[in-house]
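So the chains spell out like this:
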Amino acid sequence: MPFPSLPRLSVVASLALVLAALGAEPATAASYRYDVPLSPASPWPKFRRDSRQTGQSPLVPRRTGGRPWSYHTGLGIFSSPVIGGDGTIYVGSADTYLYALRPDGTLRWRYRTGEIIDSAALLDDRGRVYVGSGDGHLYALDARSGRRIWRFDAQDPEATGAFINWFEGNVAIGPGGTLYAPNDNFRTYALDRDTRAVRWAFKTPDQTWSLPALEAASGRLAMGSNFFFAGAKNTFSLDGAAGTTRWEDHAEGAVVASPLITPDGQVVVGAFDGFVRAYDERAGRLRWRFGTRDHLYASPARQPDGTIVQASADGSLYGLDPSTGRLRWQFDTLDPIRSSPAVDGRGNVYVGSGDGRLIVLNRSGTLRWSIRLARPPRGTLNASPALGPDGIAIADSNGDVHQVPWDWCLRAAGRRDPHCARGPRNPLPPDGARLYPTSPFGLVSTRAPARIDPNQPIALQLVVRRRGRTLAAFADPSRLGVRTDPRSPVRVALSGDRRYLTLTPDPAYRPRRGMVRLRIAGTYLTGARRDGLAFRGGRPAGRFSARFRLRIRPARGGARLPLPVPRRPGDRAGVWRFERTALSLPDLLPSYNQIGFDRLTFLLGLIERSRDGRALVWMVGGRRAGRRVVADPAAKWLVPFRLRYDRGLADLTGTPGATFELNGFENKTLFWRIAARLDRRGAAVGAPRQALSINCADIGFYGVALQGLGQCTKRRPMAVFGAGLMSPEGSGVQRAPAGVGRVRFGVRGGRLEARLAGSALSPTHRNLAILAVDATSGAPLALDYSYGTERQADGAGHVTRVSVPLGGRVPRRVRAYLMVDAYPAARATLSGR
């Protein structure tokens, strides 16, 4: 049978492909010849492996040698590994380190940067490894020792009109050794790899995570940008020597995926509007496009016969005809796929799944084998696999790096591995419409949870399958019914895209004999009108119905909250840390900001108990200081909650209209609930669930994009579901801060203020704010704490005044608290008029 040639392969490499097809041993290091100065001995020296970014390797599976291993880093991993010629695996972690791991999984060295790393490294032909970091620096290190050779500083975002200067895009290299490094400061840099000199800087209208693909003979680049506003250009072809635009186009959603350039001159790239597009590489003419059911985060790959392999956040992998974009095969899962597929010399496809499995497909798109690698609860493989002589390297959101030997699950030892599954049968449910429970970390299950807490929110996703394939189907909001038996008050939120719903008990289910029966029924629609990723309308196509028997864990805990609630300033006050946040639904949110959510850290300080027995809680943004979490003086996460506690069950309900900052923009919530079960120390048992509702109009900057991508409408806000980790900070007890001085509260010029005399507090070291509460009901007022708080200091840098605008209707009597970090340092009751 004929074998299409790979671009710029040597005679040895071409022969290796033929031998691979005949069942010969894998290609050796001598086969790796690249058309740019990548490490010639490396089987996978960069993201997507080669300059054209085909994700294709000449290596073929073998069934000898090795066993799986894992190496744990400090935080989640969202970057993709690369592999050196000696088998060393290089991968960055959110714990700020770039790791070099030996072929046996032991640490060779690690290098610390100033921020998280979610960029893939690059290995060149001079023994260097290059990697970008969220600290705004691109590093050149010695690949053998980890010694730093140089560091490049990206321009300050204030100088470029951007918001941050993280290196979130990966690194590419050109024929002459020029490095191409996209940055979030709206610039993509072409750098001399020896001098760090900037040869050019291409300006984009937004952040760039898309790695430029290179046509080496001509030096032309293809790349995308995150810009999403209608009509703006976000897909580009550049002159690699000058950094000037050759052609450009617009996709109706951010282009964060990295393009692929085919041998016949097509640029193939997916976008957040759910379409993968193919352009003529020279002229930029659109040749074809193919629509998936959800956004595209993953980059495409190419099989030896030319088939384009595209993974989608809709949970499917698609094999597309390279000339027409028509579907050749489709493989479905139930979880989003953000991992970019890799292809071996026989055309087998390797990809990480949202359910924590490494999935391997035959070249026809049927299941070859799979292995579950990532442990729950954060069991996702969002990094992309790299193929090396010893097997497949991939990393997960728990922070584990894995290597799995070739065809491990098809070997005798692998057949005894309980984490393995073998094809060709795809273990998916039969045809029909079903609602599947989804964990707060985004893992879909075909079974209802065995037990839930009485206050626990749950999320259910609608999945409709017909003729062995998953369809684009949507719940009809006018024909959706939810019943509980025994009757319990439940808040039902259907997502803006009509694909999932969250059920939040208010405040708790009322079981009978430890059981609650839940019935959900409705009509699903197909044939919706499509505008990018926004699916509107549709026609009734069938019914769905689900019955769940939920076994409710009894409330078992002390009658008193495990952490102290102060009665007055000066008393001991309880404090939690809330960290490792996951906002998993809608699945577009992790694609935009998963690593950002994962690093969010807060303090939750107890303030005082109101007449109805509920306690006030103050959330303030924090930062890590060694093993401790301290308040960030500049944090604009200042959110009041009310805490209801009942025998171990804790419910924190945010104040409607509370504002907070995310990615530099203001956001406002309609509803926010954190539900947890606490142990005797006050630590959450498992992961507390979060349920939020937010109008897109109340989301700064990105709200327009989220609405355009169908995540919310004027009638339906965005329903958000997720989790986090919650435990006492230190001993769980905080004491009154020193140096507050004398405090006098008042209202002046429409602002509630606290004037401090003799204070030794500095606004650069402590986060000072005012919390206002209705003195009668005990409910916090929905003020603009995050953005409206002002602090004034004297010449010595000591705070003299803290204020917040009152705005709107103010109750007759207001209780005001001066918050120092998460502690109520002073209080007073005064007239709000």
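Provided above is the structure to which this section pertains.
Residues numbered from 1 in each chain as written. Predicted model: local features only at pLDDT ≥ 70, side-chain atom pairs only at ≥ 80, totals over all residues. Heavy atoms only, no water.

Chemist: How would you summarise the sheet that holds strand β19 (residues 266–270) if you had to cite specific residues and measurements?
Modeler: As summarised here, the arrangement of the 4 strands in space is β18-β19-β20-β21, forming an open sheet in which the pairing is antiparallel. Here the strands that pair on one side only, and so sit at the sheet edges, are β18 (260–261) and β21 (286–291). The pairing of β19 with strand β20 (residues 275–280) spans 5 bridges and is antiparallel. For valine 269, the partnering residue across the bridge sits in β20 and is arginine 277. (Pairing = 2+ DSSP bridges. Helix = DSSP H or I, 4+ residues; strand = E, 2+ residues; numbered from the N terminus.)

Chemist: Which residues make up the packing of aromatic side chains, and what values do they have?
Modeler: Across all of its chains, the model carries 32 aromatic pairs by this definition. By the ring-pair criterion, three or more aromatic residues cluster together here, those being Phe163, Phe186, Phe227, Phe228, Phe229, Phe272, Tyr592, Phe665, Phe701 and Tyr702. Positioned above the aromatic ring of phenylalanine 275, the side-chain terminus of arginine 289 is 4.0 Å from the ring centre. We note arginine 491 situated over the ring of phenylalanine 671; from NZ or CZ to the ring centre the distance is 3.9 Å. (Phe/Tyr/Trp six-rings, centres within 6.5 Å; stacked < 30°, edge-to-face > 60°. Lys NZ or Arg CZ within 6 Å of the ring centre and 35° of its normal.)

Chemist: Let's hear about helix α4 (residues 588–598): which residues, and what values?
Modeler: Of all 11 residues in α4, 11 are buried; the element is thus mostly enclosed. Listing the buried residues of α4 in full gives Leu588, Leu589, Pro590, Ser591, Tyr592, Asn593, Gln594, Ile595, Gly596, Phe597 and Asp598. (Buried < 20%, exposed > 50% of the residue type's maximum accessible area, 1.4 Å probe, protein only.)

Chemist: Which residues make up the environment of serine 353, and what values go with them?
Modeler: Assignment of secondary structure puts serine 353 in the loop between β27 (349–352) and β28 (357–361). Classification of serine 353 as buried rests on a relative accessible area of 0%. With 263 residues separating them along the chain, serine 353 and leucine 616 place their C-alpha atoms 41 Å apart. Once you skip the residues sitting within four places of it in the chain, serine 353 turns out to touch Thr333, Asp335, Pro336, Ile359, Thr380 and Leu381. Within the local environment of serine 353, its side chain forms a polar contact with the side chain of aspartate 355, the two groups lying 2.9 Å apart. (Contact = heavy atoms within 4.5 Å. Polar contact = N/O pair within 3.5 Å; in protein donor to acceptor, adjacent residues only side chain to side chain.)

Chemist: Run through the side chain of glutamate 579, naming residues and quoting values.
Modeler: One can find glutamate 579 in strand β46 (residues 573–585). Within polar-contact distance, the side chain of glutamate 579 engages the side chain of arginine 577 at 3.5 Å. Once residues within four sequence positions are removed from consideration, glutamate 579 is found in contact with Arg378, Leu600, Thr601, Arg624, Gly724 and Leu725.

Chemist: Report on a positive patch on the surface, specifying residues and quantitative values.
Modeler: A contiguous patch of positive charge on the surface is contributed by Arg451, Arg517, Arg549, Arg551 and Arg556. Its place among the elements puts arginine 556 in the loop between β45 (539–552) and β46. According to the relative accessible area criterion, arginine 556 is exposed, its value standing at 67%. (Patch = residues over 30% accessible without salt bridge, like charges linked within 9 Å, V, L, I, M, F, W, Y side chains within 5 Å. Areas by Shrake-Rupley, 256 points an atom, 1.4 Å probe, with all protein chains shown as cover. Salt bridge = Lys/Arg side-chain N within 4 Å of Asp/Glu carboxyl O. Lys, Arg positive; Asp, Glu negative; His and termini not counted. Charge placed at Lys NZ, Arg CZ, Asp CG, Glu CD.)

Chemist: So what's going on with the sheet that holds strand β15 (residues 220–224)? Which residues, and what values?
Modeler: Hydrogen bonds between backbone atoms are what pair the strands of a sheet, whose relative direction is either parallel or antiparallel. Across the sheet, which stays open at both edges, the 4 strands sit in the order β14-β15-β16-β17 with antiparallel pairing between neighbours. Pairing within the sheet leaves two strands with one partner each, and these edge strands are β14 (213–215) and β17 (245–249). Geometrically, the sheet is characterised by an average inter-axis angle of 15° between neighbouring strands, direction not taken into account. (Axes fitted to C-alpha atoms, helices over the stretch in contact; angles between N-to-C directions.)

Chemist: For the nonpolar core, give the residues involved together with the corresponding values.
Modeler: Counting 65 residues, the largest nonpolar core has Leu138, Leu179, Leu358, Trp369 and Ile371 as the members making the most contacts within it. Among the elements that line this core, the one with the most residues is strand β31 (residues 391–395), at 4 residues. The residues touching leucine 138, leaving out its near neighbours within four places in the chain, are Val131, Gly132, Trp150, Arg151, Phe152, Phe167, Val171, Leu179, Ala181 and Leu191. Core analysis: the second largest hydrophobic core is formed by 54 residues, Val256, Leu589, Tyr592 and Leu606 among them. (Core = buried A, V, L, I, M, F, W, Y, C linked by side-chain atoms within 4.5 Å.)

Chemist: Before we move on, could you go through the layout of surface pockets and cite the residues and values that matter?
Modeler: Taken as a whole, the second largest pocket spans an internal volume of roughly 670 Å³. Around the second largest pocket, the lining is made up of 33 residues, and of these Ser439, Pro440, Pro449, Gln456 and Arg689 lie nearest the centre. Mapped onto the lining of the second largest pocket, the elements with two or more residues apiece are β34 (432–438), β36 (458–466), β45 and β54 (671–677). For the lining of the second largest pocket, the per-class residue count stands at 21 nonpolar, 6 polar and 6 charged. (1 Å grid on protein atoms, 1.4 Å probe; cavity = no way out; pocket = protein on both sides within 12 Å on 5 of 7 lines; lining within 4 Å. Points joined across faces, edges and corners; volume = space filled by probe spheres on them. Nonpolar A, V, L, I, M, F, W, Y, C, P; charged D, E, K, R; others polar.)

Chemist: Kindly report on empty space enclosed by the protein, identifying the contributing residues and their values.
Modeler: Applying the stated criterion to the full structure yields 5 cavities of 30 Å³ or more. Of the pockets and cavities examined, the largest cavity occupies roughly 350 Å³. For the largest cavity, the lining is made up of 24 residues, of which Arg293, Asp314, Gln461, Leu462 and Arg499 are closest to its centre. Of the residues forming the lining of the largest cavity, the biggest block, 4 residues, is contributed by β36. Its residues assigned to classes, the lining of the largest cavity shows 13 nonpolar, 4 polar and 7 charged. Of the voids in this model, the second largest cavity is the one considered here, and its volume is about 230 Å³.

Chemist: Describe the pattern of salt bridges, listing the residues and the values that go with them.
Modeler: Counted according to the given criterion, the structure contains 42 salt bridges. Linking arginine 624 and glutamate 579 is a salt bridge whose minimum nitrogen-to-oxygen distance equals 3.2 Å. With arginine 624 in strand β48 (residues 615–625) and glutamate 579 in strand β46, the pair connects residues that are 45 residues apart, well separated along the chain. A relative accessible area of 11% places glutamate 579 in the buried class. The network of salt bridges with common partners includes Arg577, Glu579, Arg624 and Glu729.

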